[in-house]
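Coordinates in review
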Amino acid sequence: MEGTGAAGSPGTEDSGFPAARAGRCGGLAELDAELVRCRACPRLVAWREETAAQPRAAFRGEEYWARPVPGFGPPDAALAVVGLAPAAHGGNRTGRMFTGDASGDFLFAALHAVGLASRRTSAHRGDGLELYGVRVTAPVHCAPPANRPTPAERRTCRPWLAAELALLGPGLRAVVALGAVGWQALLPVLGETGWPLPRPRPAFGHGVRITLPATGQRRELHVLGSYHPSRRNTFTGRLTFEMLVELLARAAALAGLEPEAG
Ligand code: SF4
């Protein structure tokens, strides 16, 4: 039975499933395969399936993904862009991070402008979009009601992103956190992955940058904050396209990437 583990090992519906499985995966493909089986947060499992059963009119007839959404991008990415969680009718529908909603349209157009994406639109998993040197992911992998995961859900999901960042290895040089809540969710993940965090924890702001020192198996890591490309921020002009392009270009340079601007 899917939700039941072998004797002594947590099943997919156990809150300990991410912690038990994520760190044991030897590569991102294995990690993604384990992740999509996860049902550790009952409220989010119910929500991801409920929204799939009640699609928006524009998406009626489409089969929603309705599972945890894996990170997207090459396994040797030097830069990670980290949101908070997939959108109910975006990533939860298409099965790819930031794909199929307005926030994703804004983000991928900016990545393309910097030269980090092969095209400026992101419609569905089979659209041919490629990312260059960047991986787009999140600290919570299932769509939450009102886009707000609880602190407990953030903690339960944390091992998946910690393992993903660890598997990106020493080539990972910079991370961009999208939004204040994404920033707050990302920092403990970085701590769990092995980087020492400054105390007190630095406050979020657009353009804020901290540099975590190299330690053990981890190289120095630059962490930048950006306003989230949500509809609210982009429609009000709080985050303009130029602001996001400038920030992503700065992050790419810190990561040692030399993209050709699109
Ligand atoms: Fe599992 Fe994370 Fe989804 Fe919770 S949010 S069910 S831990 S993948």
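The sections below set out a description of the structure shown in this document.

Criteria and thresholds
Residues numbered from 1 in each chain as written. Predicted model: local features only at pLDDT ≥ 70, side-chain atom pairs only at ≥ 80, totals over all residues. Heavy atoms only, no water. Near = heavy atom within 4 Å. Helix = DSSP H or I, 4+ residues; strand = E, 2+ residues; numbered from the N terminus. Nonpolar A, V, L, I, M, F, W, Y, C, P; charged D, E, K, R; others polar. Buried < 20%, exposed > 50% of the residue type's maximum accessible area, 1.4 Å probe, protein only. Pairing = 2+ DSSP bridges. Axes fitted to C-alpha atoms, helices over the stretch in contact; angles between N-to-C directions. Parallel < 35°, antiparallel > 145°, perpendicular 65-115°, else oblique. Contact = heavy atoms within 4.5 Å. Expected span 1.5 Å × (residues − 1). Bend = angle between axes of the 7 residues up to and from the residue. Lys, Arg positive; Asp, Glu negative; His and termini not counted. Salt bridge = Lys/Arg side-chain N within 4 Å of Asp/Glu carboxyl O. Polar contact = N/O pair within 3.5 Å; in protein donor to acceptor, adjacent residues only side chain to side chain. Left-handed = near helix turned anticlockwise from the far one by under 90°.

1. A short note on the site of the ligand
Every one of the 14 residues lining the ligand counts as a neighbour, but C38, A40, C41, C142 and C157 are closest to it. The element that contributes the greatest number of residues to the shell around the ligand is helix α6 (residues 151-168), accounting for three residues. Its residues assigned to classes, the shell around the ligand comprises 11 nonpolar, two polar and one charged.

2. As for the pairing of strand β5 (residues 221-226)
For β5, the tally of buried residues reaches six of six residues, placing the bulk of the element in the interior. Alternating positions in β5 separate into two faces, L221, V223 and G225 on one and H222, L224 and S226 on the other, with burial throughout. In this structure, strand β3 (residues 174-178) lies alongside β5, joined through five bridges in parallel fashion. When the sheet's bridge partners are listed, V176 is paired in β5 with L224. Note that strand β4 (residues 209-212) and β5 share four bridges and pair antiparallel. Residue pairing across strands places T211 opposite H222, the latter belonging to β5.

3. Notes on the packing of helix α2 (residues 28-35) against α6
The contact between α2 and α6 brings their axes to 10 Å, and the two run at 170°. Relative to α6, α2 is oriented roughly antiparallel. Two secondary-structure elements touch here, α2 through L28, L31, E34 and L35 and α6 through W160, A163, E164, L167 and L168. Classifying every residue of the contact of α2 with α6 by side-chain character gives seven nonpolar, no polar and two charged.

4. Digging into α6
In an α-helix, one full turn covers 3.6 residues, which means residues spaced three or four apart are oriented alike. Between its first and last C-alpha atoms α6 spans 25 Å; for 18 residues at 1.5 Å apiece the expected length is 26 Å, and the two agree. Within α6, the axis deviates most sharply at C157, by approximately 40°, and proline P159 lies no more than four positions further along. Inspection of α6 places E153, T156, C157, R158, P159, W160, L161, A162, A163, E164, L165 and L168 among the buried residues, and these make up the whole buried set. Here the buried face of α6 lies against α1 (17-21), α2, α3 (42-53), β1 (79-82), β2 (134-137) and α7 (180-193). Positioned one or two residues after α6, G169 has a phi angle of 75°, which is positive.

5. Overview of the sheet that holds β5
Read across the open sheet, the five strands follow the order β2-β1-β3-β5-β4; overall the sheet is mixed. At either end of the open sheet lies a strand with only one pairing partner, and these are β2 and β4. Averaged over all pairs of adjacent strands, the angle between their axes in this sheet comes to 20°, without regard to strand direction. Together, β1, β3, β4 and β5 form the strand contacts of α7, whose direction differs from that of β5 by roughly 165°.

6. Points about the side chain of R48
Locating R48 in the fold gives a position in helix α3. One buried charged residue, R48, forms no salt bridge at all, with the nearest opposite charge on E49 at 4.4 Å. In terms of polar contacts, R48 uses its side chain to reach the backbone carbonyl oxygen of C38, at 3.1 Å. Those residues in contact with R48 that lie beyond four places of it in its chain are C38, R39, A66, R67, P68, N92 and C142.

7. A short note on the packing of α6 against α7
It is at 9 Å that the axes of α6 and α7 come closest, and there the two elements cross at 60°. What the angle tells us is that α6 and α7 run oblique. α7 is crossed by α6, and the crossing has right-handed handedness. Where α6 abuts α7, its residues R154, R158, P159, L161, A162, L165 and A166 lie against V181, Q184, A185, L186, P188, V189, L190, E192 and T193.

Treat this as a map of the structure, not an account of what it does.
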